[in-house]
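Listed below are the residues making up each chain.
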Amino acid sequence: VTTRDPNPFELLRLDPSTPTDQIVRAAALLRQRAPDEATVAAIRQAVQALIASAEECRLHELLTHADPRYNWPEVEQFVAAFRRPPEGMPSEPSTEELQQTLLFSP
Amino acid sequence: MTLEAALLAFRRADFSAAESLLAGRIEQLRQASETEARAEAAYWMARVRLALKRAGAVTEYEQELRSFGGLPRAACWFVDLLWRSGKPDRAEQVWKALRGSPRISLCDEAALIEARILLWRGDLGRAEHVLIEAAPRDSVVQVERLLFLAWVHAARKEHDLTASFLRAVQPGCFPEKALRQWNRLLPLNPETAKPPAGVSPVPWLLHQASLAVGRDDLAEALLWTQRALAEDPELVQVGERGRLIRAALPNLKHLARAKALADVAQFAPEVPALPPPVLIGALDLIEQEREGRALLDAAQRGDLVDARKLLGNLAERQNLPGKLAHHLALIYLRAAQHWDEADKPHLAEPYWRLCWPCWLRWAAVEAQPEDRTRVFDWLLALHRRRLKELLARERMEPARDLWRIIMDLPEQVQGNPKLAQELAERLSRFRDQLATEYRVQTREATCYGSITDGWNADYERGLSGLTRLLSLDRENLLLLTALMEICAEWFLDCYNNEALEELSQGVDRFTPFALQLARLLDRSEKPELSARAALAEFTKFRGFVAADPARKAALYREALRFHPGSDNVRQLLAEAEAEENP
């Protein structure tokens, strides 16, 4: 376990006390929404780290912050409700888009 | 007609004027056969044409490139133009072929190209290092260096630093329109920014809050939302959506507080940040402590120095709740591991010193015995690996610091004799395991080192390796035994190669270790047969090199005391006694 290998529970956005069957189910859901192959591979690796051996899983559990909270439905609803710019506002690039533009500016 | 005139037009964004001035200048320089100046003008011509979105701007420069006679800056400019024309892969490919050349690395542009490629690859740390080290003479390159440093800090969301680099750009040194673009790296100020003309303020403020959540700027999201509420307490301007804001507000406050804690726990920009949702459990426990609330308030004020100091005080508190100790142990572990992996042990050390007391507190009040074993075994294995790495590279000072941290652990739990005893036993096993692993490692080094013809091993390599660990663990029986064994093999090789001077010097050099082993064996209650045999063999060689027959006989007797079954020593003793009493 190094800081270069992401913590499998954190990567899967799971509470460290999640039972194994739920780990697999949550990972499958996450994989469906993965944007690229690298993310799918990382998810697979994280699941492997947690289900391969009970001993290893317990160690990961002990090396993970207890009681995280990954779901914030109220905040998500708020973000969704105000994601679109209000009427009359000129469209703006995101920070990432702006940074890419600046990196290649002529 | 000078290049400066064309550059002035470029800075004014009057690209057509710049193009015509440069065309004349290039022709002038071609006739005067001034290659370097012509290359520079051609580069600016390509940049101007890129700004004018003319097709073939870079191809024309590439065609001209052959006539610049291998000028290093001209090659750098080519890579720069490939980059600016949106061909980063080709730019990187050409750059890889060029970058090793010392003439290229002396060019002002080299650092900028390197930094841009690193930024493109997402390596902010190395890009920043390259930019900080660079000291370009060219004024435009100087400006671009500042802009890319601003880029680095913007990517890290260090808005104050971004602003300071953007402010450092002198007006008039760079096209104003382009600078306006760069200034957009700074996010809008949630306390003062105003909506564009004709846009309703409250929906605009809440839209900004939504964008801030999207980029994980949770503190800002909260500020935007609170401003919207101050503007329109009943949220009339957003109708039905108002209830979503009221429902989200407590969560936003919670997340903003978690983000503040994540900022505290990111002890340096290079240390990977923890996502705020991971820290919710830690946050809720910290909020229950008086110093905890103070540290979160300090963090939300942006006073991270004070917040980290308060976090450190919390970590050192004797009555820290076990669950919170576990969270703090993980926070400090992350930083310590990061710096160890970055091979910066002096930066890792303070975090190990804060991390261990938290693990010990957790072990004392919260952990199940088997979990304690799992975590301690894992941590000590990490330290063993690190110590071996440091010793292999002769980095004795950090190795000694780490050794002290580990060996002082039982002292930290003196109030808990059971845990102190358990730790002492664990550390005894740690020393044995480290010695065994190190012994195997040094034995391999002896076999595969540089071995002189006629000799069986590279003894010096093995012995110096062992003495390094022995300088930390002076009373380790296993290590001293291994040292005596290698010495005995070396001395035998010296004898066979008739290198008696080397043998004598070797005996003198390692006798203090033999005496140390003898003291330990005298104190030991166990038989320690292999240690006794190895020491007997070493003592035999001490006798062999002794000049005085009485001393020789005494040393052989000493060897027999350690290993009474050695026929060879018995025979040598008989010969020495005969010589002593002819």
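Peer 1: Where do I start with the overall build of chain A in this structure?
Peer 2: From N to C terminus, chain A includes 6 helices and 0 strands. For chain A, the N- to C-terminal ordering of α and β elements is α-α-α-α-α-α. For chain A, the C-alpha radius of gyration of 19 Å lies well beyond 13 Å, the compact-globule estimate for 106 residues. Counting only C-alpha atoms, chain A reaches 55 × 35 × 25 Å along its principal axes. Of note, chain A has its 10 positive side-chain charges centred 4 Å away from the centre of its 16 negative side-chain charges.

Peer 1: Explain the confidence of the model for chain B here, please?
Peer 2: Close inspection of predicted coordinates is inappropriate for parts of the model with low pLDDT. Residue and element names in this part refer to chain B. In this model, chain B carries a mean pLDDT of 91, and residues with pLDDT of at least 70 account for 100%. At the low end of the mean pLDDT range in chain B sits helix 12 (residues 176–183), at 85; at the high end sits helix 16 (residues 280–287), at 97. Our summary of model confidence lists the complex with pTM equal to 0.76 and ipTM equal to 0.88.

Peer 1: Which parts of the structure should I look at to understand the pattern of salt bridges?
Peer 2: It is possible for side chains of opposite charge to pair when their charged atoms get near one another. All names here are of chain B. Counted according to the given criterion, the structure contains 60 salt bridges over all chains. Between Glu 240 and Arg 243 there is a salt bridge, and its shortest N-O distance comes to 3.9 Å. A relative accessible area of 63% means that Glu 240 is categorised as exposed. A salt bridge links Asp 343 to Arg 393; the nearest nitrogen and oxygen atoms lie 2.7 Å apart. Taken together, the residues span a long stretch of sequence, with Asp 343 in the loop between helix 19 (322–341) and helix 20 (345–365) and Arg 393 in the loop between helix 21 (369–392) and helix 22 (396–407) at a distance of 50 residues. Among the residues examined, Arg 393 registers a relative accessible area of 41% and is labelled partly exposed. Within this structure, Asp 340, Asp 343, Arg 386, Glu 389, Arg 393 and Arg 395 form a network of salt bridges that share partners.

Peer 1: What am I meant to see in unusual backbone geometry here?
Peer 2: Glycine aside, the phi torsion of most residues is negative, and most peptide linkages are trans. Residues and elements named next belong to chain B. Even without glycine at this site, Ala 13 takes up a positive phi of about 65°. For Ala 13, the position within the fold is in the loop between helix 1 (3–11) and helix 2 (15–31). Phi is positive for Lys 53, which is not a glycine, with a value near 60°. Judged by its relative accessible area of 74%, Lys 53 falls in the exposed class.

Peer 1: Even after reading the chapter, I still don't get the interface of chain A and chain B, so can you show me in this structure?
Peer 2: For interface size, the figure often reported is the accessible area lost on association. Chain A puts 45 residues into the contact, and the matching count from chain B is 62 residues. Between chain A and chain B we count 3 salt bridges in total. Here chain A and chain B share 12 residue pairs in polar contact (both at pLDDT 80 or more) between them. Of all elements in the fold, only helix 4 (54–62), helix 5 (73–82) and helix 6 (95–103) of chain A reach the threshold of two or more residues within the side of chain A that touches chain B.

Peer 1: Can you walk me through the nonpolar core in this structure?
Peer 2: Across soluble globular proteins, nonpolar side chains show a tendency to be buried alongside one another. Residues and elements named next belong to chain B. Counting residues in hydrophobic clusters, the biggest one holds 150 residues, and the most contacted among them are Leu 328, Trp 352, Trp 356 and Trp 359. Element by element, the count of residues in this core is highest for helix 15 (residues 242–265), at 12 residues. Every residue in contact with Trp 356, bar those within four places of it in the chain, is listed here: Phe 376, Leu 379, Leu 380, His 383, Ile 405 and Leu 409.

Peer 1: In this structure, what is going on with the environment of Val75(A)? I would like to understand it.
Peer 2: Following the sequence through the fold, Val75(A) ends up in helix 5. The spatial distance from the C-alpha of Val75(A) to the C-alpha of Leu14(A) is 19 Å, given a sequence separation of 61 residues. When residues no more than four places from it in sequence are discounted, the contact partners of Val75(A) are Val213(B), Ala248(B), Asn251(B), Leu252(B) and Leu255(B).

Peer 1: Hey, could you run me through the packing of helix 5 (residues 72–84) of chain B against helix 6 (residues 88–98) of chain B in this one?
Peer 2: Pairs of packed helices are described in terms of their axes, by the angle between the two and the distance that separates them. Residue and element names in this part refer to chain B. As a packed pair, helix 5 and helix 6 sit with axes 7 Å apart at the nearest point and diverge in direction by 160°. Judged by the inter-axis angle, helix 5 sits roughly antiparallel to helix 6. Read as a crossing pair, helix 5 and helix 6 show a hand that is left-handed. In contact with Ala 75, Cys 76, Phe 78, Val 79, Leu 82 and Trp 83 of helix 5, helix 6 contributes Pro 88, Arg 90, Ala 91, Val 94, Trp 95 and Leu 98. Among the residues making up the contact of helix 5 with helix 6, the classes are represented as 11 nonpolar, no polar and 1 charged.

Parameters at a glance
- Residue numbers restart at each chain and count upward from 1, following the sequence in its written direction.
- To read the labels, note that chains go from A and ligands from 1, taken in the order they are written.
- Predicted model: local features are reported for residues with pLDDT of at least 70 only, side-chain atom pairs are reported and counted for 80 or more only, and whole-chain, interface and lining totals are derived from all residues.
- To get the side-chain values, take all heavy atoms of the structure and skip hydrogens and water.
- Runs of H or I in DSSP of at least four residues are treated as helices and runs of E of at least two as strands, each being numbered from the N terminus.
- Radius of gyration here uses only the C-alpha atoms, and the compact-globule reference equals 2.2 Å multiplied by the residue count raised to the power 0.38.
- Just so you know, the count uses Lys and Arg for positive and Asp and Glu for negative, and it drops His and the chain ends.
- Where a charge lies is defined by one atom per residue type, namely NZ (Lys), CZ (Arg), CG (Asp) and CD (Glu).
- On a range of 0 to 100, pLDDT expresses the predictor's confidence in each residue.
- What counts as a salt bridge is simple: a side-chain nitrogen of Lys or Arg found within 4 Å of a carboxyl oxygen of Asp or Glu.
- Only protein chains enter the calculation, and the probe is 1.4 Å; a residue is then buried if its accessible area is under 20% of its type maximum, exposed if over 50%, and partly exposed in between.
- Here a residue-residue contact requires only that any non-hydrogen atoms of the pair lie within 4.5 Å.
- Throughout this description, a polar contact denotes any pair of N or O atoms lying within 3.5 Å of each other; where both atoms belong to protein, one of them has to be capable of donating a hydrogen while the other can accept it, and for residues adjacent in sequence the pair is counted only when both atoms sit in side chains.
- Buried Ala, Val, Leu, Ile, Met, Phe, Trp, Tyr and Cys residues form a nonpolar core when they are joined through side-chain atoms within 4.5 Å.
- Under this scheme, a helix contributes an axis fitted over its contacting stretch, all axes are lines through C-alpha atoms, and angles between N-to-C directions fall in the 0 to 180 degree range.
- Every angle not falling under 35 degrees, over 145, or within 65 to 115 is termed oblique; those three ranges are roughly parallel, roughly antiparallel and roughly perpendicular.
- For any pair of crossing helices, the crossing counts as left-handed if the nearer helix is rotated counterclockwise from the farther one by less than a right angle, and right-handed if it is rotated clockwise.
- Throughout this entry, Asp, Glu, Lys and Arg are counted as charged residues, while Ala, Val, Leu, Ile, Met, Phe, Trp, Tyr, Cys and Pro are counted as nonpolar. The remaining residues, Gly among them, count as polar.

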